[in-house]
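Listed below, chain by chain, are the residues.
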2 protein chains.
Amino acid sequence: MIKGFRWAGGFMEHFVRLATQVMIPCQEEVLRDPVKSGAVDNFVRAAQVLRGERTPDSGDFTGMVFQDSDVYKWIEAAAYSLAYRPDDLLRKRVEDMVALVAASQERDGYLDTYFTLGNSDKKFTNLMEAHELYCAGHMIEAASALYESLGDDSLLKVAEKNAALLYKVFITEGREGFSGHPEIELALMRLRKSTGKEIYRELARHFIDVRGTDSDFFVKEEARRDWSVWGMDTKDKMYAQYHLPVREQKDAVGHSVRAMYLYTAMAMLAEADGDESLAEACFNLFDSVADRRMYITGGIGSTSKGEAFSADYDLPGDTAYAETCASVGLVFFCSALLKLKKDGRFADVMERALYNTVLSGISADGRSFFYVNPLEVSKEFTGKTPGSMHVKITRQEWFGCACCPPNAARLLSSVSSYAWEEDEGVLYSHLFVSGTVKTDSMSVNSVTDYPFGDSVTYRIERGSGKLAVRLPSFSSEDFSLSCPYELKDGYMYCEVKEGDEILLRLSMEPVMNRADPRVSYAAGRVSVSVGPLVYCIEDADNTDISALCLKPGKLHRSSAEPSSLGLPPAAADLGKVFTVEADGMRLIPSDTDRLYFTRYDEEPCKVTLIPYFLWANRSPGSMKVWIPLL
Amino acid sequence: MIKGFRWAGGFMEHFVRLATQVMIPCQEEVLRDPVKSGAVDNFVRAAQVLRGERTPDSGDFTGMVFQDSDVYKWIEAAAYSLAYRPDDLLRKRVEDMVALVAASQERDGYLDTYFTLGNSDKKFTNLMEAHELYCAGHMIEAASALYESLGDDSLLKVAEKNAALLYKVFITEGREGFSGHPEIELALMRLRKSTGKEIYRELARHFIDVRGTDSDFFVKEEARRDWSVWGMDTKDKMYAQYHLPVREQKDAVGHSVRAMYLYTAMAMLAEADGDESLAEACFNLFDSVADRRMYITGGIGSTSKGEAFSADYDLPGDTAYAETCASVGLVFFCSALLKLKKDGRFADVMERALYNTVLSGISADGRSFFYVNPLEVSKEFTGKTPGSMHVKITRQEWFGCACCPPNAARLLSSVSSYAWEEDEGVLYSHLFVSGTVKTDSMSVNSVTDYPFGDSVTYRIERGSGKLAVRLPSFSSEDFSLSCPYELKDGYMYCEVKEGDEILLRLSMEPVMNRADPRVSYAAGRVSVSVGPLVYCIEDADNTDISALCLKPGKLHRSSAEPSSLGLPPAAADLGKVFTVEADGMRLIPSDTDRLYFTRYDEEPCKVTLIPYFLWANRSPGSMKVWIPLL
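Since this is a predicted model, take the numbers as computed values, not measurements.

Draft legend 1. The overall build of chain A, seen in detail. Looking only at helices and strands, chain A features 16 helices and 20 strands. In terms of overall dimensions, chain A is globule-like: its C-alpha atoms have a radius of gyration of 24 Å, near the 25 Å expected for 630 residues. Taken along the three principal axes of its C-alpha coordinates, chain A extends 75 × 65 × 50 Å. Taking contacts inside chain A between residues at least 6 apart in sequence as the whole, the part at least 24 apart equals 70%. Accessible area for chain A stands at about 21,500 Å²; split by element, carbon and sulfur atoms hold 48% of it.

Draft legend 2. Structural context of the pattern of salt bridges. Applying the stated criterion across every chain yields a total of 106 salt bridges over all chains. The salt bridge involving B:R93 is made with B:E28; its shortest N-O contact spans 2.6 Å. Here B:R93 is found in helix α4 (residues 88-103), whereas its partner B:E28 is found in helix α1 (residues 11-32), with 65 residues between them in sequence. Judged by relative accessible area, which is 29%, B:R93 ranks as partly exposed. Taking the relative accessible area as the measure of exposure, B:E28 reaches 3% and is therefore buried. Taking the shortest distance from any N to any O, the salt bridge between B:R410 and B:E76 comes out at 2.8 Å. Of this pair, B:R410 sits in helix α15 (residues 404-413) while B:E76 sits in helix α3 (residues 68-84); the two residues are 334 residues apart in sequence, bridging distant segments of the chain. On the basis of relative accessibility, which here comes to 2%, the residue B:R410 falls in the buried class. Each of A:R192, A:E198, A:R201, A:R205 and A:D273 takes part in one network of salt bridges that share partners.

Draft legend 3. Just helix α6 (residues 132-150) of chain B, in detail. Look at α6(B): 27 Å from first C-alpha to last across 19 residues, which is about the 27 Å you get at 1.5 Å a residue. The element α6(B) is extensively covered by neighbouring structure, given that 15 of its 19 residues are classed as buried.

Draft legend 4. Spatial organisation of empty space enclosed by the protein. Counted by the stated rule, this structure contains ten cavities of 30 Å³ or more. Approximately 110 Å³ is the volume attributed to the largest cavity. Surrounding the largest cavity, 16 residues form its lining, A:R514, A:P517, A:A523, A:G524 and B:L587 being those nearest its centre. When grouped by side-chain class, the residues that make up the lining of the largest cavity number eleven nonpolar, two polar and three charged. A volume near 90 Å³ is recorded for the second largest cavity.

Draft legend 5. Spotlight on the pairing of strand β14 (residues 533-538) of chain A. Residue and element names in this part refer to chain A. With respect to burial, β14 is a largely interior element, six of its six residues being buried. Side chains of β14 alternate between two faces, with L533, Y535 and I537 and V534, C536 and E538 buried alike. Hairpin connection, strand β13 (residues 525-530) to β14: the antiparallel pair is bridged by two residues, and G531 has positive phi, about 55°. Here β14 pairs with strand β18 (residues 600-611) via three bridges, running antiparallel. Counterpart to C536 in the pairing with β18 is I610. Across two bridges, the pairing between β14 and strand β19 (residues 623-624) is antiparallel. Its bridge partner being in β19, E538 is matched across the sheet by M623.

Draft legend 6. Here's a closer look at the relation of the copies chain B and chain A. Mapping chain B onto chain A calls for a screw motion: a turn of 180° about the axis and a shift of 0.0 Å along it, with 0.0 Å RMSD after fitting. Within this description, the copies of the chain are treated as partners about a two-fold rotation axis. Minimal C-alpha separation from the rotation axis in chain B is found for B:G524, amounting to 2.2 Å. A high fraction, 100%, of the interface residues of chain B reappear at the interface in chain A, so the copies pair face to face through one surface.

Draft legend 7. Broad picture of the environment of B:E53. Residues and elements named next belong to chain B. You can see E53 is positioned in the loop between α2 (39-50) and α3. Separated by 120 residues in the primary sequence, E53 and E173 place their C-alpha atoms 32 Å from one another. Here the side chain of E53 touches R51 through a polar contact of 2.8 Å, side chain to side chain.

Draft legend 8. Layout of the pairing of strand β13 (residues 525-530) of chain B. All names here are of chain B. Counting buried residues along β13, six of its six residues qualify, which places the element largely inside the surrounding structure. Of the two faces of β13, the one lined by R525, S527 and S529 and the one lined by V526, V528 and V530 are each fully buried. Two strands pair when backbone bridges link them, and strand β12 (residues 511-515) and β13 are joined in this way by three bridges, in the antiparallel orientation. Bridge assignment links V511 to a residue of β13, and that residue is S529. Sheet topology places β13 next to strand β20 (residues 627-628); two bridges connect them, and they run antiparallel. Counted as the bridge partner of V526 is I627 from β20. Relative to strand β14 (residues 533-538), β13 runs antiparallel, the two sharing two bridges. Counted as the bridge partner of V530 is L533 from β14.

Draft legend 9. Broad picture of the domain arrangement of chain A. Examined at the domain level, chain A breaks down into domain 1 (244-396), domain 2 (419-450 + 454-506) and domain 3 (511-628). Averaged C-alpha coordinates put domain 2 of chain A and domain 3 of chain A at centres separated by 34 Å.

Draft legend 10. Representation of the interface of chain B and chain A. Contact residues are listed per partner, giving 51 residues for chain B and 51 residues for chain A. In total, chain B and chain A occlude about 4,200 Å² of area from one another, counting both sides; carbon and sulfur atoms represent 57% of this. Here chain B is connected to chain A by four salt bridges. As a salt-bridge pair, A:E477 and B:R599 come within 3.4 Å of each other at their nearest N and O atoms. Going through the elements one at a time, α12 (276-292), β12, β16 (577-589) and β17 (596-597) of chain B are the ones with two or more residues in the side of chain B that touches chain A. Residue contributions to the side of chain B that touches chain A peak at five residues, all from β12(B). When the residues that make up the side of chain B that touches chain A are grouped by side-chain class, the tally is 26 nonpolar, eight polar and 17 charged.

Draft legend 11. Up close: the packing of aromatic side chains. Residues and elements named next belong to chain A. As enumerated under the stated definition, the model contains 82 aromatic pairs over all chains in all. Ring geometry for F11 and F452: centres 5.7 Å apart, planes at 80°, overall edge-to-face. Of this pair, F11 sits in helix α1 (residues 11-32) while F452 sits in the loop between β6 (442-448) and β7 (455-470), and the two are 441 residues apart along the sequence. With respect to burial, F11 and F452 carry one shared label: buried.

Draft legend 12. Representation of the confidence of the model for chain A within the structure. On average, chain A scores 96 in pLDDT, and the residues at 70 or more come to 100%. Predicted complex metrics record ipTM = 0.93 and pTM = 0.94.

Draft legend 13. Spotlight on helix α9 (residues 198-210) of chain A. With 13 residues, α9(A) ought to run about 18 Å at 1.5 Å a step, and its terminal C-alpha atoms sit 18 Å apart, in line with that. At its buried positions, α9(A) is contacted by α6 (132-150), α7 (154-172), α8 (184-195), α11 (256-273) and α12 (276-292) of chain A.

Draft legend 14. Highlighting the side chain of B:R586. Residues and elements named next belong to chain B. Relative to the helices and strands, R586 resides in strand β16. No salt bridge is formed by the buried R586, whose closest oppositely charged neighbour, E603, lies at an N-O distance of 4.1 Å. A distance of 2.7 Å separates the side chain of R586 from the backbone oxygen of T543, its partner in a polar contact. One polar contact links the side chain of R586 to the main-chain carbonyl oxygen of D544, over a distance of 3.1 Å. Residues in contact with R586, not counting those within four places in the same chain, are T543, D544, A547, L548, D601, E602, E603 and C605.

Draft legend 15. Up close: the packing of α11(A) against α12(A). All names here are of chain A. It is at 8 Å that the axes of α11 and α12 come closest, and there the two elements cross at 145°. Note on packing geometry: the crossing formed by α11 with α12 is left-handed. Note on element contacts: α12 touches α11 through L278, A279, A281, C282, L285 and V289, opposite M260, Y263, M266, A267, L269 and A270. The residue inventory of the contact of α11 with α12, partitioned by class, reads twelve nonpolar, no polar and no charged.

Draft legend 16. Summary view of the packing of helix α2 (residues 39-50) of chain A against helix α3 (residues 68-84) of chain A. Residues and elements named next belong to chain A. Two elements in contact, α2 and α3, have axes whose closest approach is 8 Å; the angle formed by their N-to-C orientations is 105°. The orientation of α2 with respect to α3, classified from their angle, is roughly perpendicular. For the pair α2 and α3, contact is made by A39, V40, N42 and F43 and by D68, V71 and Y72, respectively. Its residues assigned to classes, the contact of α2 with α3 shows five nonpolar, one polar and one charged.

Draft legend 17. Representation of the side chain of A:N162 within the structure. Residues and elements named next belong to chain A. Its place among the elements puts N162 in helix α7. Judged by relative accessible area, N162 falls into the buried class, the value being 2%. Residue contacts for N162: discarding those within four places in its chain leaves Q105, G109, Y110, L111, A136 and M139.

About the cut-offs
Residues numbered from 1 in each chain as written. Chains lettered and ligands numbered in written order. Predicted model: local features only at pLDDT ≥ 70, side-chain atom pairs only at ≥ 80, totals over all residues. Heavy atoms only, no water. Helix = DSSP H or I, 4+ residues; strand = E, 2+ residues; numbered from the N terminus. Rg over C-alpha atoms; globule rule 2.2 N^0.38 Å. Contact = heavy atoms within 4.5 Å. Areas by Shrake-Rupley, 256 points an atom, 1.4 Å probe, with all protein chains shown as cover. Salt bridge = Lys/Arg side-chain N within 4 Å of Asp/Glu carboxyl O. Buried < 20%, exposed > 50% of the residue type's maximum accessible area, 1.4 Å probe, protein only. Expected span 1.5 Å × (residues − 1). 1 Å grid on protein atoms, 1.4 Å probe; cavity = no way out; pocket = protein on both sides within 12 Å on 5 of 7 lines; lining within 4 Å. Points joined across faces, edges and corners; volume = space filled by probe spheres on them. Nonpolar A, V, L, I, M, F, W, Y, C, P; charged D, E, K, R; others polar. Pairing = 2+ DSSP bridges. Least-squares fit on C-alpha atoms with pLDDT ≥ 70 in both. Polar contact = N/O pair within 3.5 Å; in protein donor to acceptor, adjacent residues only side chain to side chain. Domains from an automatic or database assignment. Buried area = accessible area lost by both parts, 1.4 Å probe. Phe/Tyr/Trp six-rings, centres within 6.5 Å; stacked < 30°, edge-to-face > 60°. pLDDT = per-residue confidence, 0-100. Lys, Arg positive; Asp, Glu negative; His and termini not counted. Axes fitted to C-alpha atoms, helices over the stretch in contact; angles between N-to-C directions. Left-handed = near helix turned anticlockwise from the far one by under 90°. Parallel < 35°, antiparallel > 145°, perpendicular 65-115°, else oblique.

Here it is, written out as structure tokens:
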């Protein structure tokens, strides 16, 4: 097991710092703001109700039915942040927040301010829409994070009391049903890991196994209840992945965040149970995502209709949904898959989602966010045409549905746990980061300027054993490792001992990617990438990008200071950034007044591309990932 | 004025025959079918109500609120058909249908079976949704068509009585409002032409002038009424073009069929009134359509959301709406513009819409129809992805909203009237057809195998005068005319006299078109056309079209018998068809399991393209107009 990781600079620590220093304090401010969020106020009022100081009144609840989860995600992120960098003031504020949550827990363990505030009679009657088990899951995750990161069991007690209630209701008393929005399942698996108690695995297994066995469950539930949150269509069974028992699900369908949380829990349970049929389902679902339903940026859920997966290869760039949370969830899923099976494909996709869509979801200064991550915007009509009404050209400070900002914060503040894994005596280097990792048997220091640099140096500071270094697929034909190794499924396994210094060199040459021809949107276009980073063109570096085409030919990497690119001061911390310079052509119609033409001039020009994750950090303008080839 | 036209074969007469021999009788059958349509039954029942044989009951009405218009469009088409080819049996059936309509007219001139059948109290209270004036308009058009084509004034009397009622209600009594769906305006302009009575122009002018002067009119109307048809959003003022007074409208917006019918009426009124500000608005709206909002196929209204225009350059091919009726309406608009100003641009667009989208709306055998005319379909996911739920891969026999089939029938059966025009002593040849046209001063015979041939021969059989031959823009740099001419705005004006034989030769070389780079969908793609015909690739002629790319280079025309292409027997009548053969490349990913890749093989292959209007006449498969260039 990983005993700890100490950061030592580099690209990814920049984002850990951003989460710690900017995102977490800023987000706390919003959560405490009664107008912008009201999430903390809901707990304040619920606690007052439980203390008898307030009459329950459903009008007292503010925000989305799952508003509580914003607070839980914030606590989780703050726990990781405190483990990364102790901060007495933040610690105190976390303790206050936990106390507030604990005070909002009902005597029997129930905890959900929406219901405590005047909706008590509706508990567990609308599992489809009401996000009760979802909120419980996020509370449990926060509790596990606090306990695992800081040894603080204050919230864990609340979580166990809540989980005991859920066990009683759904196992002992046999209440039917499962959550419309998966989350409780993976949370219970985490709680089992934190506490060692198998009843939580049993309850997680129950929720996973029962899903889809009666695909009419929510239709019947709807008939039984006399209230609804949004009037969701319970007959759209794929939306919340209850169309089939989970082991029979082969295509990633429905709401993409729901899908990722469910699949993550399935992978965790498959690993814990050694359940091969469940593992097989997870692998099939991964293939569905990675081989047929994922943007090159690791964005998933291509349609705004239901924030959902569409059909295979239906991946339009300009009308993309690609919610930030869905890519956060994809990182979770890939990480859980890696625990199940060591296959570099899972790490490749994890890295793709993390380095592109998750990071593009956050502004360079950490203060604003994308919910939707398009692969093309036009300042003339994005957000105006019927297909792109959901697409924004600039990041927003907050959202009515504020799932993404704290989700990104909790992932980034804990990103080292996705980088390293110890399994059966082997230390796996999944993601390339700078710092020192400790296991029972070894301490390994890694130094890298990845992804803008091409090498990673591993020094074995203590002990000996097996080190497995990931070989990213983008570099599979041009790399070197300075020690003997055995390559298997994208990992190079080496025997190492104290004092060894191992150098990994990867290919960071810019390349042009094509998409499967069935991706209609990308026909005739290419996308540039360097290592794990997808690149894009923006107005800020180029004139009128709508008419820009790339020419087949060599691409050049060029080092730049973030400030010289006009990026905000906060990005200076990245140190250096690589742009890509390419030979391009500007298409100049012979008659500019006409929509269609047979003759045009081609004007050679230089094209500058920047990493996709940095887009929309300068003046608002057009952007494109897939660029036509002339 | 054109005194008559006698067809003499050729491409376009094939479609006149198809309308006459197949579409009109088939459609009559459907209209008389109580299950498939019920449109005729509505009249039967309304007449019974008026004769006191039936109690009014709104449950007796079948179909859409505008179901009556299907019958009127059929009468109109049948009138043209009878003028083309007398047919006593059809004549009798038309007379019966007119008698039924007349019997459904209320004593005061009111005529709308939806209202007569139990909704009398709602008359004129929901002009936004209820299509009363729209249905009246189609009835008036049918009446004018019967009178102009056959001298039959039986329906004209009904129409005049109805129009007199409308005049009384909206002018004399001063009722506020205008039709949510334009149509009455252009119909009144036709009625004025048929009868010479200026009150109809006055009423048309009133409806046109009042539109948009109070953009809240329908919001207020909605507040006043206690019923609705569909609960339309009256605040979406662009949808029915009442956001601005018509003279201030510059962008083609909203429901595309509504837009076309309104603009057509505006152009007709501008011509009749010599109204320059109205003419200017028409020209601006035409530019908006033709230069920024029209598919290369002449399809308009790119979004399924409201069957509407989207933003400039938002012209995705795979999620296109491009309703057949909208292109029928675009033909009307262009024809009306030509009467206002002789500019070949209007005829170019008219021809583009007619030869591509209107004809693609009809199967080769005339028995099934497209409502939606996409520029790309994939048999794997068209009609399944959220963006293409409205797109069909095969034509349908009929529709719940059956506006398109009879609209195509009335246009095709009268298509000669769009081909020729006489204005101020000049005979204009707008479209190239084979036959003999007569005016007061001349008879001119034209012979052509256009659009598959490249020449038109005009013989002056009688008289002398000025002939203006259109020079299509696709041929503006490679053509010849065998007589002296003066070229102005796309027309070649020549002095001709009896016995002259003039030969026009056009360029029918296949060309590759590009779209304005702002059309994101078409980036990196080209579309092939030959003369007015846009071409496409289909599965029937090529293997796996998703991976096919064109190479820059020469395109070859190749003559084929329709039967040798596997087209149904009905297409044999077209005589010969040109396919285009091109050099292409098949993109073969190096690893077929992966969605994105940097290496691939290119396999040279032949690509066969067929005219777009013929697509979907063989086994259902994929189709593409815009083809990636490799």
